[in-house]
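# Chains, contacts and geometry: an overview
The residues making up each chain are set out below.
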Amino acid sequence: MRRSPATIADYSAGAVSDAALNVAASRSLEALGDACHREIGRLIGSPTVGLYLLDRDKPYLFYSKQAPDGFIQEYSAEFDKYDPLLAYICEKGQPVDGSTLVGAAGWQSCNNFELLRRWGFVHCMAGPLRVDNRVVGVVYTANQGEVGAYASPAVDSMQILCRAGSLALTTMVETGRLNGAPPAWISQSGAASHSEYASLANASALNQLPTRSREVALLLCHGQSNKEIARALGISAYTVKDHIGSLCQKLHAHNRTELVQRLLTTH
């Protein structure tokens, strides 16, 4: 007998409100991912969760839980080509589940959903993350095993959680707490114009730097370590160290703390 996620989920008003508050309280991308994973699992009964930022319309995975590594790599490759859920969310700005979007026949024939089935997933759902009323990210969830399609209360709960996630993400943008986000997304999201780092984005010294040095400087000012900067930019930690050394020379800073101070105050 097939069972619906609703049989293990809690759609009560109190549960949804508590979940939304927990997600909205997230103050980092990692905390947002953990909160979404925890509350989607508790409310909707859907354990696999992935969160993406849209870096110039290209999905950038910054969090996943209970998804096999091989699946993430294969799905991301397909995701980069075309994803009907992402296309719908960017156009409509509303959560949607796969089977409702494409219908039973489409579910059987769509490449993305065929890939999901190969990895044991039977249904998926996604919702938007917004900043300044723009879709800048996506929350995905999927379930495995003998379960039915997502019920309407699940989609409604997803919408509330995505709104809470959007509030948390907006707060991160406004306060510059964006460790783990790609540099282009930080700029695109409006972080520089909304946060205490506005002086950095407009600093004449920064504008005169080569692109890579500018990216290193921006991530440095967001509190990231050399290893974190290297991982975000796809370069070695030694290269990051060289960039920081060069920046210190240019701005006459004796250490990274003084460098950050100069970057934030130089106009």
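Under an unreviewed UniProt entry, the name given to the protein chain is GAF domain-containing protein, and the source organism is Mesorhizobium zhangyense.

Moving on, we come to the sheet that holds strand β1 (residues 48-55). Ordered by their spatial adjacency, 5 strands build an open sheet running β2-β1-β5-β4-β3, and the pairing between neighbours is antiparallel. Of all strands in the sheet, those bounded by a partner on one side alone are β2 (58-65) and β3 (96-97). Examined bridge by bridge, β1 and strand β5 (residues 134-144) share 6 bridges and lie antiparallel to one another. Note on β5: the bridge partner recorded for V49 is T141.

What follows deals with the packing of aromatic side chains. Enumeration according to the criterion identifies 3 aromatic pairs in this entry. Both rings, one in Y52 and one in Y140, keep their centres 5.7 Å apart while their planes meet at 70 degrees; by these two values the pair is edge-to-face. Taken together, the residues Y52 in strand β1 and Y140 in strand β5 connect sequence positions 88 residues apart. We classify Y140 as buried; its relative accessible area is 7%.

For the rest of this paragraph, the subject is empty space enclosed by the protein. Under the definition given, this model contains 1 cavity of 30 Å³ or more. Quantified by volume, the largest cavity comes out at close to 150 Å³. Taken together, 14 residues make up the lining of the largest cavity; nearest its centre are T48, G50, F71, Y75 and Y140. Secondary structure elements with two or more residues in the lining of the largest cavity: β1, α3 (69-81) and β5. The element that contributes the greatest number of residues to the lining of the largest cavity is β1, accounting for 4 residues. When grouped by side-chain class, the residues that make up the lining of the largest cavity number 10 nonpolar, 4 polar and no charged.

Attention now goes to the packing of helix α2 (residues 29-44) against helix α7 (residues 152-175). For the pair α2 and α7, the least separation of the axes is 11 Å and the interaxial angle reads 165 degrees. Judged by the angle between their axes, α2 and α7 are roughly antiparallel. In terms of crossing hand, the pair formed by α2 and α7 is right-handed. Seen from α2, the contacting residues are L29, L32, E39, I40, L43 and I44; seen from α7, they are A154, S157, M158, L161, G165, A168, L169 and M172. Residue classes in the contact of α2 with α7 are distributed as 11 nonpolar, 2 polar and 1 charged.

Another point: the layout of surface pockets. Put simply, the largest pocket is a space of about 510 Å³. Y60, F62, N179, G180 and R231 are the residues nearest the centre of the largest pocket, which is lined by 14 residues in total. Of all the secondary-structure elements, those providing two or more residues to the lining of the largest pocket are α2, β2 and α13 (226-233). A per-element tally of the lining of the largest pocket places β2 first, with 5 residues. By residue class, the composition of the lining of the largest pocket is 6 nonpolar, 5 polar and 3 charged. A domain-level breakdown of the lining of the largest pocket finds at least three residues from each of domain 1 (13-175) and domain 2 (211-260).

Per the stated rule, a full pass over the model turns up 4 salt bridges. A salt bridge links R38 to E39; its shortest N-O distance comes to 3.3 Å. Note on R38: relative accessible area 46%, which makes it partly exposed. As a salt-bridge pair, R42 and E39 come within 2.6 Å of each other at their nearest N and O atoms. Of this pair, R42 and E39 are both found in helix α2, 3 residues apart, which corresponds to roughly one turn of the helix. The class for R42 is partly exposed, based on a relative accessible area of 34%. Residue classification places E39 among the buried positions, given a relative accessible area of 2%.

How each quantity is defined
- Residues numbered from 1 in each chain as written.
- Predicted model: local features only at pLDDT ≥ 70, side-chain atom pairs only at ≥ 80, totals over all residues.
- Heavy atoms only, no water.
- Pairing = 2+ DSSP bridges.
- Helix = DSSP H or I, 4+ residues; strand = E, 2+ residues; numbered from the N terminus.
- Phe/Tyr/Trp six-rings, centres within 6.5 Å; stacked < 30°, edge-to-face > 60°.
- Buried < 20%, exposed > 50% of the residue type's maximum accessible area, 1.4 Å probe, protein only.
- 1 Å grid on protein atoms, 1.4 Å probe; cavity = no way out; pocket = protein on both sides within 12 Å on 5 of 7 lines; lining within 4 Å.
- Points joined across faces, edges and corners; volume = space filled by probe spheres on them.
- Nonpolar A, V, L, I, M, F, W, Y, C, P; charged D, E, K, R; others polar.
- Axes fitted to C-alpha atoms, helices over the stretch in contact; angles between N-to-C directions.
- Parallel < 35°, antiparallel > 145°, perpendicular 65-115°, else oblique.
- Left-handed = near helix turned anticlockwise from the far one by under 90°.
- Contact = heavy atoms within 4.5 Å.
- Domains from an automatic or database assignment.
- Salt bridge = Lys/Arg side-chain N within 4 Å of Asp/Glu carboxyl O.

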